[in-house]
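# Overview (structure and organization)
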Amino acid sequence: MLQEEHGYIRSVDIAEKLGVTKPSVSYATKRLRESGYITTDAAGMILLLPPGREIAVRIYERHKLLTELFIGLGVSPKTASEDACKIEHDLSAETFDAIRRHADEHR
């Protein structure tokens, strides 16, 4: 989401967006870097590597569809987005696919 909003990703922006400390983000980004999901450029910007981009695209797709669904149910956009963030990572592929089919049928 930050990449789409700003055109770049910085640790400080992640911390602000998630409401966590910068050291927490530093710890998480170190683990993601070691796992081959991200790298950083000379300016310290975070760049997604192909495996990280694949996961990010999948999760963001879930976020957008869930947010849209919740708004359609009458939830405020802010709450819809916050609630989507809470469940987008834990939702099974089976359940998400069913939600997507339902949304496609009712558009």
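Calculation rules
- Residues numbered from 1 in each chain as written.
- Predicted model: local features only at pLDDT ≥ 70, side-chain atom pairs only at ≥ 80, totals over all residues.
- Heavy atoms only, no water.
- Helix = DSSP H or I, 4+ residues; strand = E, 2+ residues; numbered from the N terminus.
- Buried < 20%, exposed > 50% of the residue type's maximum accessible area, 1.4 Å probe, protein only.
- Contact = heavy atoms within 4.5 Å.
- 1 Å grid on protein atoms, 1.4 Å probe; cavity = no way out; pocket = protein on both sides within 12 Å on 5 of 7 lines; lining within 4 Å.
- Points joined across faces, edges and corners; volume = space filled by probe spheres on them.
- Nonpolar A, V, L, I, M, F, W, Y, C, P; charged D, E, K, R; others polar.
- Core = buried A, V, L, I, M, F, W, Y, C linked by side-chain atoms within 4.5 Å.
- Salt bridge = Lys/Arg side-chain N within 4 Å of Asp/Glu carboxyl O.
- Polar contact = N/O pair within 3.5 Å; in protein donor to acceptor, adjacent residues only side chain to side chain.

## Quick word on the overall build of the protein chain
Looking only at helices and strands, one finds 6 helices and 2 strands in the protein chain. Counting helices and strands in the order they occur from the N terminus, the protein chain gives α-α-α-β-β-α-α-α. For the C-alpha atoms alone, the extent of the protein chain along its principal axes is close to 45 × 25 × 25 Å. Per-residue burial over the protein chain gives 24% buried out of 107 residues. Nonlocal contacts in the protein chain, meaning residues at least 24 apart in sequence, comprise 36% of its contacts between residues at least 6 apart.

## Notes on the side chain of threonine 29
Among the structural elements, threonine 29 can be located in helix H3 (residues 22-34). Contact partners of threonine 29, with chain neighbours within four places excluded, come to Ile38 and Ile46.

## Some details on the layout of surface pockets
If you add up the space inside the largest pocket, you get close to 1,200 Å³. Forming the boundary of the largest pocket are 34 residues, of which Met1, Leu2, Ala56, Ile59 and His89 lie nearest the centre. Elements that contribute at least two residues to the lining of the largest pocket include exactly helix H1 (2-6), helix H2 (11-18), H3, strand S2 (46-48), helix H4 (50-72) and helix H5 (77-87). Looking at the lining of the largest pocket element by element, the count peaks at 10 residues for H4. Residues belonging to the lining of the largest pocket are distributed by class as follows: 19 nonpolar, 8 polar and 7 charged.

## As for the nonpolar core
Proteins that are soluble and globular tend to have nonpolar side chains buried together. In this structure, Leu65, Leu66, Phe70, Ala80, Ala84, Leu91, Phe96, Ile99 and Ala103 together form the largest nonpolar core, which totals 9 residues. Elements with a contribution of two residues or more to this core: H4, H5 and helix H6 (93-105). Membership of the second largest hydrophobic core comes to 7 residues, among which are Leu2, Ile14, Val25 and Ile46.

## With respect to the pattern of salt bridges
Going through the model one piece at a time under the given rule, you end up with 7 salt bridges. Between glutamate 5 and lysine 17 there is a salt bridge, with the nearest N and O atoms lying 3.2 Å from each other. With glutamate 5 in helix H1 and lysine 17 in helix H2, this residue pair connects regions lying 12 residues apart in the sequence. Taken together, the salt bridges that share partners define one network made up of Glu61, Asp97 and Arg100.

## What about the environment of aspartate 41?
Note on placement: aspartate 41 falls in the loop between strand S1 (38-40) and S2. Its relative accessible area of 31% is what places aspartate 41 among the partly exposed residues. There is a polar contact of 2.9 Å between the side chain of aspartate 41 and the backbone nitrogen of alanine 43.

## Focus: the side chain of threonine 67
Tracing the backbone through its elements, the reader meets threonine 67 in helix H4. Leave out the neighbours within four places in its chain, and threonine 67 touches Ala80, Ser81 and Ala84.

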